[in-house]
Number of protein chains: 2
Amino acid sequence: MREEVDRARTNMRSSAEGRQLGEEFWELHERKLRGMQDGIDRNQAFLNAVVGFQDSSSPFPLADGEKRVPGDPSRTTKAQVSKINTTLRQCMRDWSGEGEEERRESYGAVIAELERLRPVDPRRRGAQKVLVPGAGEGRLAYEIVSRGYGCAGNEFSYFMLMVSNFILNGVGEENEFTLSPFVDNTCNTFSVEDMLRTIRVPDVCPPLTLAGEADLDFSYVSGEWLACYEDQASAFDAIVTVFFLDTAPVVVEYIAAIARLLKEGGVWINFGPLLYHWSDSSLRKTDERFQRSVELSWEEIRIVCACYGLDIVREERQDATYNADQRSMMRTAYTGILCSAVKRSKPDAKGLS
Amino acid sequence: MREEVDRARTNMRSSAEGRQLGEEFWELHERKLRGMQDGIDRNQAFLNAVVGFQDSSSPFPLADGEKRVPGDPSRTTKAQVSKINTTLRQCMRDWSGEGEEERRESYGAVIAELERLRPVDPRRRGAQKVLVPGAGEGRLAYEIVSRGYGCAGNEFSYFMLMVSNFILNGVGEENEFTLSPFVDNTCNTFSVEDMLRTIRVPDVCPPLTLAGEADLDFSYVSGEWLACYEDQASAFDAIVTVFFLDTAPVVVEYIAAIARLLKEGGVWINFGPLLYHWSDSSLRKTDERFQRSVELSWEEIRIVCACYGLDIVREERQDATYNADQRSMMRTAYTGILCSAVKRSKPDAKGLS
């Protein structure tokens, strides 16, 4: 990222047409470059706190006197930088006031459906067990726990796991950190201020808000979810998935596992588009998941659900964004499917249980 | 693309969970795969017609008995496939009824502004000269010519140039061809029908509609526009650009050239976001334009315009899509800047002319 600031400064100064611009331009441009540098430093301070907490809370702590050796930044790959940027944007989505509208569109919609189909009995808080695969930085699982459900979050990405661990367990107060989540993108910008603007995280402080909860049943499991839960069946009252089917190499395997993990009469509540991550042919030679990837339309998935004993009881389209910079000239707009399905008592498809 | 159909068929059949699905599923799934194959054949027939016309209309025709040797499809790169897909989507945008809404948002907006600032005198049709750099498949330039302006379209991409040549000069009637522009994308699909649906092109037939135009002044220049027009100055009454600043490695060079090419009092009308194509750091090692790329916010560009003697007289935000599948679960949504600027008679910035 520092390299990007240097590149911006150099390129603008080496353009003959650029050098002819007046003072007003250069003042604004230098303010932008200084602001980018400040934002990078701000983000780094937060990431250092996340990694520091991970070290201190790890079951495998560093030995006395042992120190983490920082990697050589010049060898950071583009893919790693992109993961860091996604991690910061996800902080915005999950844990800032700026992400509230995005959370309402997706988390809000599935939680309302969960409460409608499986209301909590206030005398038996934590009695119903909910699984959230693809739990990301933890906001959806946190909201479900806060409403009186037991909840197991599951996540694969180490980046997401470290941040969720930090925010769910390590932060001391609301709005403790300031981040610049948009500073990495120099395109599609109306104003310098839009790009440099900061957000505060977290907008709620889970270690404080959950401290008084009696019988809290909240776990977070790391790993690939099909492997984590392969030995379980009929274990959950509800499975809630948001922007998750997208991560399936073979979406039929996901639906079969959801059907197996639900108790009879249990509900699957899903929201998302069908943006299959492993369908990208540039992965042909580097990832075996491309060679297995199956991409089905919603029309086909509906039939798959029925075959696996999941009766769809509600289905509607819902617009949403994901990690979007709402002030940018360019956003990805999703029209996802919000659906809920109930696991049939007696699956009638041939040979399925 | 054929390979993709085979991959889809193989992957679905090799999944253990997939094999357990019933007849209803397989019937729909096979209908999808057959429809994909039909769509691929349909698109190929159109592309063959485009290439055939290019051969027959080329100033360098094939010698008698010489035949075009098709390349080996297995060696087609992902980048080439992506360009073909973009070319077909652009046919939808520029030359189909389905693209009408997209054209209204961008072409419609800039044309209305052109007619407001530089109305055509019906007694002097073709008198005002308009330049359209980044003219793509030619619809915007065609619309400008049809309204009584002289127009020079300029385009760099050989794919776009071949299709614009074909549609502006080679088609015989409205709706002559049927295309399947969405068949390449198996993600984010509600129904099989959405993915397989066809469009008809062209919705107007330029060789027929322009046949009766007296004094038609319509040219199409191929090549990189800064190089094509480097020796000209004060040559145009208007320059109209849509989704074009995005293609600039150094946007200041583009604005300086626009200012130079306009007559005094001439107008620049622009619509688009600021999606700088050469800012992608994955180009670091393969394209020198990344090493020169300058990405400015609109706030900075405004000052650049003033320095180069372009007085912005109108500026507003306008939502638009580009080559979007309106039935997909995922679309890129732009909020572009619609702006017009007038070239000052006496530029007052230091040393600029």
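Chain A is annotated in an unreviewed UniProt entry as carnosine N-methyltransferase from Ectocarpus siliculosus. Regarding chain A, the UniProt comment filed under Sequence similarities (unreviewed entry) reads as follows: "Belongs to the carnosine N-methyltransferase family."

Draft legend 1. Structural view of helix α6 (residues 139–146) of chain B. Residues and elements named next belong to chain B. In terms of burial, α6 is largely enclosed, as 7 of its 8 residues are buried. Taken together, the buried positions of α6 are occupied by R139, L140, A141, Y142, E143, I144 and V145. The positive-phi residue at the C-terminal boundary of α6 is G148, with phi of around 100°.

Draft legend 2. Spotlight on the pairing of strand β6 (residues 236–242) of chain B. Residue and element names in this part refer to chain B. For β6, the tally of buried residues reaches 7 of 7 residues, placing the bulk of the element in the interior. Here strand β1 (residues 129–133) pairs with β6 via 2 bridges, running parallel. Considered in β6, the bridge of V130 is made with A238. Two strands pair when backbone bridges link them, and β6 and strand β7 (residues 262–272) are joined in this way by 6 bridges, in the parallel orientation. Each bridged residue has a counterpart across the sheet, and for T241 the counterpart in β7 is N270. Where the polypeptide runs from β6 across helix α11 (residues 251–261) and back to β7, its parallel neighbour, the crossover connection is right-handed.

Draft legend 3. Looking closely at the pattern of salt bridges. Here the structure, examined in full by the defined rule, presents 51 salt bridges over all chains. The residue E115 of chain B makes a salt bridge to R147 of chain B at a minimum N-O spacing of 3.9 Å. With E115 of chain B in helix α5 (residues 100–117) and R147 of chain B in the loop between α6 and β2 (150–155), this residue pair connects regions lying 32 residues apart in the sequence. Residue classification places R147 of chain B among the partly exposed positions, given a relative accessible area of 31%. The residue R327 of chain B makes a salt bridge to D194 of chain B at a minimum N-O spacing of 3.0 Å. Here D194 of chain B lies in helix α8 (residues 192–196) and R327 of chain B lies in the loop between β8 (310–320) and β9 (330–343), a separation of 133 residues in the sequence. What emerges from the salt-bridge pattern is a single network uniting R103, E115, R139, E143, R147 and D203 of chain A.

Calculation criteria
Residues numbered from 1 in each chain as written. Chains lettered and ligands numbered in written order. Predicted model: local features only at pLDDT ≥ 70, side-chain atom pairs only at ≥ 80, totals over all residues. Heavy atoms only, no water. UniProt positions renumbered as here; feature names shortened; annotations may be inferred. Buried < 20%, exposed > 50% of the residue type's maximum accessible area, 1.4 Å probe, protein only. Helix = DSSP H or I, 4+ residues; strand = E, 2+ residues; numbered from the N terminus. Pairing = 2+ DSSP bridges. Right-handed = clockwise from strand over helix to strand, strands pointing away. Salt bridge = Lys/Arg side-chain N within 4 Å of Asp/Glu carboxyl O.

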